[in-house]
Amino acid sequence: MLSEKLRRLMAGALCGAMLFTLPACQEDPEGSIVANKDMDKLISQGAESGGESRVDAGELIEDAKKTETYKTTLDSPNLKVKAEVDAQVELPEVEKLSIYRVRQKPFTQEFLDKVRAELCGEVELFDGKALGVRTKKDIEREINFLRQSVEDYTAQERQLLKDPNLPEEHRPTEEEVNASIEEYRQMTQSDIDERQQEYEAAPDEVNFADYPTDYKIHLYRELYESDPESYESGLTLHDEEGDAIFDAASDGSDGHYRRLVVQNNADYSNKIAYSDNLGFYKHMSGVMVEDTMLDYTLTPRELGLTQDYEGFWKEKGVPSPVITNNYVLEEGFTFKPIDKTEISFTQEEAQAKAEELLGRLGLTDFKFSQGGKYSELLGGEDEEADFLYDVLYVLRYTRELEGVQLTQSSGAKFVIGQDTSNPNRKQMWPGESIEIRVNDRGIVGFQYNAPLEITETVVEGTSLKTFDEVKGVFEQMLPMVLAEEDYDVTATVDRVRLSYSRISEKDSFDTGLVVPVWSFEGKVTAYSGEYPAYERNGTLLAVNAIDGSVIDADLGY
């Protein structure tokens, strides 16, 4: 069923961000809640003490503890938004919260060597270029796919001739349909002819010994200069001074298809990622650095289905919840596990294994933040199923600073044109996190995203807005943030927590401030009539605990 899979799979058009951006068209009625964000002023406010609405962390936490459960209803008919709040208020057990200055930290060769020793052991790795070699089998598969596409296109066009729902004035003639089919057939045949020529020179299989690795991180520019043909396609994504990569894979001879990659990238941030799959290599070379979407609740419409989410997976025999990795699904798709669908140990035991690894890697400042047992849809190829999947614990860890986690509830920073010398330059700074995947095969996945370096403590023991004032900001601004011109919106908020988050300094992409932030979390659903158009879980609003400003998820401040 491989050609069917290739023909029908497409990435879903889901947004990767967990936060909802404050609409640019919305005005801030108070003027200071979302506007005029001055980082120097913020630092000054944090250093102040006293005042009617300013408290230290100990006072704030004692005050907020009086509201163990925060309940209210927000109803804005003009904005077509209604929100029910019934939330536990989660507070760190600390006496002070501070402001830190941070910057992005590239991965070192020393850290790569440590990760490789822990996760790959004595397994020999080879240059990742080997995975780009197209064998006769690969090309034959592409040719079969192209031939199948001609059959599909022909059937689709001929259906137009007898579609009862198509108005007569829009129905093509038989001559027009035949001409369209012939044009597509000729175009596709040209592609087939090219591949048939490639087929003759292609190897039967990849000889990994031809692709040794020196196990070193290399500047991308140097790799390009030494081998333009292999690296030209990625040059525009790795064209800043200092951009560097490492990409290596095992040969899969033991049935385990391991891959280890490193990226240090000025525009798209830094990551190190490892995967151990059965039967095929997991795709890991994309330049974007993102967390797995653990918080998403997908509606049938987003999945491409007509039935409910739980019912679909139950019918298919796939244990839920399921990490879909943005694939659009169809009712007739079939699914097959690459390994056992049960794990012989508990989540607590999985976390112990993960934390032992973090300790050996020297990452002792990271604490468990979120995770559970999931089925994860994978790429790969199988003649019996449209999708392969693996059952594993996915565990996310975030940095803890003096007893408070850096959850990055304020979202990632994304800018275009901040570099005046290159107005089209895109830059992204995601949140720092570590994700570890564990099942009975051991540690089968490790990814460390966007590591931070703390350069200074700017304010030790910052003063903060009172919880009542923060609640006021939330109640005023949530309807405005969630409002959609074309939809009615309902929301539930079931979690409120005080933690750290990195906000960006307005005129600097490379540096930021870690500040205390209130995150109001839950689920929002937008309706078109009675039908849900989309549904998301996660942080609905993030409020700076120092000055009470709403943090824009795209700008990062």
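Refer to the structure above for everything that follows.
Residues numbered from 1 in each chain as written. Predicted model: local features only at pLDDT ≥ 70, side-chain atom pairs only at ≥ 80, totals over all residues. Heavy atoms only, no water.

Visitor: Got a sec to walk through the overall build of the protein chain? Specific residues and values, please.
Guide: On a plain count of helices and strands, the protein chain comes out with 12 helices and 23 strands. Buried residues in the protein chain amount to 48% of all 557 residues. Excluding contacts between residues fewer than 6 apart, the proportion of contacts in the protein chain whose partners are at least 24 apart in sequence is 73%. Total accessible area on the protein chain stands at roughly 26,600 Å², and carbon and sulfur atoms take up 45% of it. (Helix = DSSP H or I, 4+ residues; strand = E, 2+ residues; numbered from the N terminus. Buried < 20%, exposed > 50% of the residue type's maximum accessible area, 1.4 Å probe, protein only. Contact = heavy atoms within 4.5 Å. Areas by Shrake-Rupley, 256 points an atom, 1.4 Å probe, with all protein chains shown as cover.)

Visitor: Account for the nonpolar core, naming residues and giving values.
Guide: In summary, soluble globular proteins display a tendency toward joint burial of nonpolar side chains. Phe474, Leu478, Val493, Val496, Trp518 and Phe520 are the most contacted members of the largest nonpolar core, which has 63 residues in total. Counting residues per element, this core draws most heavily on helix H12 (residues 467-482), at nine residues. Within the second largest apolar cluster, 46 residues are counted, among which are Val115, Ile217, Leu260 and Ile443. (Core = buried A, V, L, I, M, F, W, Y, C linked by side-chain atoms within 4.5 Å.)

Visitor: Now, about the environment of Ile546: what can you tell me, with residues and values included?
Guide: By the element assignment, Ile546 lies in the segment after strand S23 (531-544). For Ile546 and Trp518, which are 28 residues apart along the polypeptide, the C-alpha to C-alpha distance reads 9.8 Å.

Visitor: Give a description of the packing of aromatic side chains that names residues and reports values.
Guide: Considering all chains together, one arrives at 20 aromatic pairs under this definition. Both rings, one in Phe333 and one in Phe387, keep their centres 5.5 Å apart while their planes meet at 75°; by these two values the pair is edge-to-face. Of this pair, Phe333 sits in the loop between strand S10 (322-323) and strand S11 (335-337) while Phe387 is found in strand S13 (residues 387-401), placing the two residues 54 residues apart along the sequence. What makes Phe333 buried here is its relative accessible area of 0%. Measuring from centroid to centroid gives 5.7 Å for Phe368 and Tyr397, while their planes differ by 75°, and the two rings are edge-to-face. Here Phe368, found in strand S12 (residues 366-378), pairs with Tyr397, found in strand S13; they are 29 residues apart in sequence, far enough to count as distant. A relative accessible area of 0% means that Tyr397 is categorised as buried. Following the ring pairs from residue to residue traces out a cluster consisting of Tyr70, Phe467, Phe474, Trp518 and Phe520. Seen from the ring of Trp429, Arg502 lies directly overhead, with NZ or CZ sitting 4.0 Å from the centre. (Phe/Tyr/Trp six-rings, centres within 6.5 Å; stacked < 30°, edge-to-face > 60°. Lys NZ or Arg CZ within 6 Å of the ring centre and 35° of its normal.)

Visitor: Describe the pattern of salt bridges, listing the residues and the values that go with them.
Guide: Think of it this way: side chains of opposite charge can pair up when their charged atoms draw near. Tallied over the entire structure, the rule returns 29 salt bridges. For Arg399, the salt bridge goes to Glu432, with nearest N and O atoms at 2.8 Å. Remark: Glu432 occurs in the loop between strand S16 (426-429) and strand S17 (433-439) and Arg399 occurs in strand S13; sequence separation between them is 33 residues. Glu432 shares its class with Arg399; the two are buried. One salt-bridge network, in which partners are shared between bridges, spans Lys282, Glu376, Arg396, Glu435 and Arg437. (Salt bridge = Lys/Arg side-chain N within 4 Å of Asp/Glu carboxyl O.)

Scope: geometric values only; no functional claims are made or implied.
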